[in-house]
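Residue strings, one per chain:
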Amino acid sequence: MKTYKSAFELVEDNPAKVRLLKAKFGLMNEVIDLINYKINSCDYTQKDVAVMLGVTQPRISRLLSGGFSEFSIDMLTQFKFGLE
């Protein structure tokens with residue numbers, strides 16, 4: 001039986017792509033943490049965050065719900081810089 005170092009290895013055989021998926025997942029978690037901080041500590045709404053980032057509120061909702069495949073690394077990076 002084959003063993004895996006991470007869940008990403010179940011969906012991708014290429015080690016470089018596995019590293020990319022891990023990086024994207026980590027970046028997505030950072031962005032989610034920043035959004036949750038804005039909402040919980042700064043009294044922002046999802047709509048306020050969406051306006052800051054130039055997207056719609058439903059996009060923020062999908063991100064917070066874990067819509068991993070809907071967001072590129074480029075977009076997540078833009079979100080991170082927009083929230084810092």
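Residues numbered from 1 in each chain as written. Predicted model: local features only at pLDDT ≥ 70, side-chain atom pairs only at ≥ 80, totals over all residues. Heavy atoms only, no water.

Trainee: Mind laying out the overall build of the chain, listing which residues take part and the relevant values?
Mentor: The helix and strand tally for the chain stands at five helices and zero strands. Element order for the chain, N to C, with α for helix and β for strand: α-α-α-α-α. With the C-alpha coordinates of the chain rotated into their principal frame, the extents come out at 50 × 20 × 20 Å. The buried share of the chain, reckoned over its 84 residues, is 26%. Long-range contacts, defined here as pairs at least 24 residues apart, represent 53% of the contacts in the chain between residues at least 6 apart. (Helix = DSSP H or I, 4+ residues; strand = E, 2+ residues; numbered from the N terminus. Buried < 20%, exposed > 50% of the residue type's maximum accessible area, 1.4 Å probe, protein only. Contact = heavy atoms within 4.5 Å.)

Trainee: Describe helix α3 (residues 46–53), listing the residues and the values that go with them.
Mentor: Within the sequence span of α3, burial applies to V49, A50 and L53. What you see down the axis of α3 is that its buried residues fit within an arc of 100 degrees, all on one side. Among the exposed residues of α3, those pointing more than 90 degrees away from its buried face are K47 and V51. Those residues of α3 that are buried are in contact with α2 (15–41), α4 (57–64) and α5 (73–83). In the stretch just after α3, G54 is the one whose phi turns positive, near 75 degrees. (Arc of directions from axis to C-beta.)

Trainee: Can you break down the environment of D48 residue by residue, with the values?
Mentor: Inspection of the secondary structure assignment puts D48 in helix α3. Exposure remark for D48: the relative accessible area of 34% places this residue in the partly exposed category. The spacing of D48 and K2 is 46 residues in sequence and 46 Å in space, taken between C-alpha atoms.

Trainee: Give me the lowdown on the pattern of salt bridges, citing residues and values where you can.
Mentor: Evaluation of the coordinates by the stated rule reveals three salt bridges. The partner of K80 in a salt bridge is E30, and the shortest N-O contact between them spans 2.6 Å. In this pair, K80 sits in helix α5 while E30 sits in helix α2, placing the two residues 50 residues apart along the sequence. The shortest N-O distance in the salt bridge between R62 and E70 comes to 2.7 Å. (Salt bridge = Lys/Arg side-chain N within 4 Å of Asp/Glu carboxyl O.)

Trainee: Now, about the packing of α2 against α4: what can you tell me, with residues and values included?
Mentor: Two elements in contact, α2 and α4, have axes separated by 10 Å at closest approach and are oriented at 120 degrees. Between α2 and α4, the angle is such that the two are oblique. Along this stretch, α2 crosses α4, giving a crossing that reads as left-handed. Facing α2, whose interface residues are M28, V31, I32, I35, N36 and I39, α4 presents I60, L63 and L64. Broken down by class, the residue content of the contact of α2 with α4 amounts to eight nonpolar, one polar and no charged. (Axes fitted to C-alpha atoms, helices over the stretch in contact; angles between N-to-C directions. Parallel < 35°, antiparallel > 145°, perpendicular 65-115°, else oblique. Left-handed = near helix turned anticlockwise from the far one by under 90°. Nonpolar A, V, L, I, M, F, W, Y, C, P; charged D, E, K, R; others polar.)

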